[in-house]
Amino acid sequence: MPLRTESIEEPNLNLTPMIDIVFLLIIFFMVGARFTELERQYGVQLPTVSDAAPLTSLPDPIYVNIRNDGSLQVEDRDLNVPQLDLLLRAARQRYAEQVVVVRGDGGAPYQAVMDVLASCSRAGLKNVNMAYRLRVGERP
């Protein structure tokens, strides 16, 4: 007795959602093209500029070098802590976001580094960086 089997339904592809999306995209681009046409309607000639640069340039960082004996040097001038205080306060008055880079010798006394950091704090400078070098063979 032969068994009755259901006929295998052929696969079909429903294109309705894809056609809906294509029509939506066509409408979107047509409306967008219309807006750019409206912008060009008015005969406004925009001015041109050459290379645009900021009106003021940022000041260079202040590099405070701490030598092996604990003495301080800024821009080839030897300073003590009170002189450094005055220099940093004047720099903060000129530009509130002044950058200070502390470059201490590896054998410099820790107290000298702390004096420079305290001077930066007294001047109200928040952007203080410590310079360093990586050991040979190490990755950051």
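Everything in this summary refers to the structure shown in the same document. It should be emphasised that the depicted structure is a prediction, and the values quoted were computed from it without experimental measurement. (Residues numbered from 1 in each chain as written. Predicted model: local features only at pLDDT ≥ 70, side-chain atom pairs only at ≥ 80, totals over all residues. Heavy atoms only, no water.)

## A closer look at the pairing of strand S5 (residues 127-130)
Selection criterion: What makes two strands pair is DSSP finding at least two bridges between them. For the purposes of this entry, the term helix denotes a DSSP run of H or I that reaches at least four residues, the term strand denotes a run of E that reaches at least two, and both are numbered from the N terminus. A crossover gets the label right-handed when its path from the first strand over the helix to the second runs clockwise, viewed with the strands pointing away from the viewer.
Judged from the 4 bridges that link them, strand S4 (residues 99-104) and S5 form a sheet pairing that is parallel. Counted as the bridge partner of Val 102 is Met 130 from S5. Following the chain from S4 across helix H3 (residues 110-123) to the adjacent parallel S5, one finds a crossover that is right-handed.

## Quick look at the pairing of strand S1 (residues 62-66)
Our working definition: The buried label applies to any residue whose accessible area, calculated with a 1.4 Å probe on protein chains only, is under 20% of its type's maximum; exposed applies above 50%, and partly exposed to all values in between.
The buried fraction of S1 amounts to 4 of the 5 residues, a majority that puts the element mostly inside the structure. Here 5 bridges tie S1 to S4, and the two strands are oriented parallel to one another. Within the sheet, the bridge partner assigned to Ile 66 lies in S4 and is Gly 104.

## Points about H3
The periodicity of an α-helix, 3.6 residues per turn, causes residues three or four positions apart to be oriented the same way. Short version of the rule: The span you would expect from a helix comes to 1.5 Å times its residue count less one. Throughout, the arc means the angular range of directions from the helix axis out to the C-beta atoms.
The end-to-end C-alpha distance of H3 is 20 Å, a good match for the 20 Å that 14 residues give at a rise of 1.5 Å each. Within the sequence span of H3, burial applies to Ala 112, Val 113, Val 116, Ser 119, Cys 120 and Ala 123. Here the buried residues of H3 occupy an arc of 120 degrees about the axis, which is enough to place them on one side. In H3, those exposed residues whose orientation departs by more than 90 degrees from the buried face are Tyr 110, Gln 111 and Ser 121.

## Some remarks on a nonpolar patch on the surface
Operational definition: Residues enter patches when their relative accessible area tops 30% and they take part in no salt bridge; the joining distance is 9 Å for like charges and 5 Å for the nonpolar side chains Val, Leu, Ile, Met, Phe, Trp and Tyr. What sets the accessible areas is the Shrake-Rupley method with a 1.4 Å probe; for residues, cover comes only from the shown protein chains. By salt bridge we mean one thing: a side-chain nitrogen of Lys or Arg within 4 Å of a carboxyl oxygen of Asp or Glu.
Together, Leu 13, Leu 15, Met 18, Ile 19, Val 22, Phe 23, Ile 26 and Met 30 make up an exposed nonpolar region whose accessible area comes to about 810 Å². Among the structural elements, Leu 15 can be located in the segment before helix H1 (16-40).

## Some words on unusual backbone geometry
Although it is not a glycine, Glu 75 adopts a positive phi angle of roughly 50 degrees. Of note, Glu 75 is situated in the loop between strand S2 (72-74) and strand S3 (77-79).

## Details of the sheet that holds S2
For clarity, the threshold we go by: To get an axis, a line is fitted to the C-alpha atoms, and for a helix only the part in contact is used. The angle between two axes follows their N-to-C directions and goes from 0 to 180 degrees. Note on contacts: a residue pair is in contact if any heavy atoms of the two residues lie within 4.5 Å.
Across the sheet, which stays open at both edges, the 5 strands sit in the order S3-S2-S1-S4-S5 with mixed pairing between neighbours. In this open sheet, the two edge strands, each paired with only one partner strand, are S3 and S5. The mean angle between the axes of side-by-side strands here comes to 30 degrees, regardless of whether they run parallel or antiparallel. In this fold helix H2 (residues 81-94) packs onto S1, S2, S3 and S4, with an angle of close to 110 degrees to the strand it touches most, S3.

## Digging into the nonpolar core
Under the convention used in this document: Here, nonpolar core means buried Ala, Val, Leu, Ile, Met, Phe, Trp, Tyr and Cys residues that are tied together by side-chain atoms lying within 4.5 Å of each other.
In this structure, Ile 62, Val 64, Ile 66, Leu 84, Leu 88, Val 100 and Val 116 are the most contacted members of the largest nonpolar core, which totals 18 residues. At the level of secondary structure, the elements contributing two or more residues to this core comprise S1, S2, H2, S4 and H3. Top contributing element to this core by residue count: H3, with 5 residues. Those residues in contact with Val 64, other than ones at most four positions away along the chain, are Gln 73, Val 74, Leu 84, Val 100, Val 101, Val 102, Arg 103 and Val 116.

## Here we look at the pattern of salt bridges
What the rule picks out here adds up to 2 salt bridges. Residue Asp 78 is joined to Arg 67 by a salt bridge in which the shortest nitrogen-to-oxygen separation is 2.8 Å. Of this pair, Asp 78 sits in strand S3 while Arg 67 sits in the loop between S1 and S2; the two residues are 11 residues apart in sequence, bridging distant segments of the chain. Residue classification places Asp 78 among the exposed positions, given a relative accessible area of 54%. Residue class for Arg 67 comes out partly exposed when judged on its relative accessible area of 30%. Arg 122 is the partner of Asp 85 in a salt bridge, and the nearest nitrogen-oxygen pair spans 3.1 Å. With Asp 85 in helix H2 and Arg 122 in helix H3, this residue pair connects regions lying 37 residues apart in the sequence. On the accessibility criterion, Arg 122 (43% relative accessible area) is partly exposed.

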